[in-house]
Amino acid sequence: MSALLAPAAAPLPLLELDRSAIEQLIPHRGDALFAHSAEVLGEGRFAGSACWSAELAAMQGHFPGRPIVPAVHLVEAAAQIAGAALRASEPQVQAAGGGQLGVLAMIQRCKFLRPVRPGQQVRFTLAVDRAAAGFVSVSGQAAVDGQRVAELSFVLGLAGPAELGLS
């Protein structure tokens, strides 16, 4: 038996969504669309990325001369990634009409471990904890260059476009 073992490979995505595909699944546009990519890794498991430009007004005012990405942007990016991936892949969302959107309904717990600077690529790994009666509980983490920057736990409410005034 060989003493050398191949390192465990990262799971291959079952479905990859670029920014254009994400725009087909969630209503966010322009500077309000934080998710740059989303991947379905398996049932109830997702990943994705986000990156913010230093030119955005929110970065210039938070904090002048030494900008950091507002923590709420990290939470919203995670919710967008989960919402797009759920809508694209999950049977319970498709069974509810497929037109259901995952809307950030509750932030259960968030821990921010280090600042994220504009221009840094943030990688999110997320998993569905529970799904019941129009709500999906999601948790995960965000990392920059392999170093964890946040731990996140939130709930998405599933709503149709008409309920959100989008139809």
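Cut-off values and rules
- Residues numbered from 1 in each chain as written.
- Predicted model: local features only at pLDDT ≥ 70, side-chain atom pairs only at ≥ 80, totals over all residues.
- Heavy atoms only, no water.
- Helix = DSSP H or I, 4+ residues; strand = E, 2+ residues; numbered from the N terminus.
- Polar contact = N/O pair within 3.5 Å; in protein donor to acceptor, adjacent residues only side chain to side chain.
- Contact = heavy atoms within 4.5 Å.
- Salt bridge = Lys/Arg side-chain N within 4 Å of Asp/Glu carboxyl O.
- Buried < 20%, exposed > 50% of the residue type's maximum accessible area, 1.4 Å probe, protein only.
- Pairing = 2+ DSSP bridges.
- Axes fitted to C-alpha atoms, helices over the stretch in contact; angles between N-to-C directions.

1. Examining the side chain of glutamate 76
1) Next: Relative to the elements of secondary structure, glutamate 76 occurs in helix α3 (residues 71-89).
2) Next: Polar contacts involving the side chain of glutamate 76 include one to the side chain of histidine 28, which spans 3.1 Å.
3) Next: Not counting residues up to four positions away in its chain, the partners in contact with glutamate 76 are His28, Phe34 and Leu104.

2. Some details on the pattern of salt bridges
A side chain of one charge can pair with a side chain of the opposite charge when the charged atoms of the two come close.
1) Next: Per the stated rule, a full pass over the model turns up 3 salt bridges.
2) Next: A salt bridge links glutamate 39 to arginine 123; the shortest N-O distance between them is 2.9 Å. Placement of the pair is glutamate 39 in strand β2 (residues 35-42) and arginine 123 in strand β5 (residues 122-132), with a sequence separation of 84 residues.
3) Next: Taking the relative accessible area as the measure of exposure, glutamate 39 reaches 13% and is therefore buried.
4) Next: A residue is classified by how much of its surface remains accessible, and arginine 123, at 35% relative accessible area, is partly exposed.
5) Next: In this structure, arginine 109 and glutamate 151 form a salt bridge, with 3.7 Å as the shortest nitrogen-oxygen distance. Of the two residues, arginine 109 is situated in strand β4 (residues 101-112) and glutamate 151 in strand β7 (residues 147-159); the sequence distance between them amounts to 42 residues.
6) Next: For glutamate 151, a relative accessible area of 18% corresponds to the buried category.
7) Next: Counted as one network, the salt bridges with shared partners bring together Arg109, Arg148 and Glu151.

3. Side note on the sheet that holds strand β3 (residues 45-50)
1) Next: Strand order across the open sheet formed by 7 strands is β1-β2-β3-β5-β6-β7-β4, with antiparallel pairing between neighbours. The open sheet has two edge strands with one neighbour each: β1 (15-18) and β4. Direction aside, neighbouring strands of the sheet carry axes that sit 20 degrees apart on average.
2) Next: Alignment of β1 against β2, held across 4 bridges, turns out to be antiparallel. Counted as the bridge partner of leucine 17 is alanine 38 from β2.

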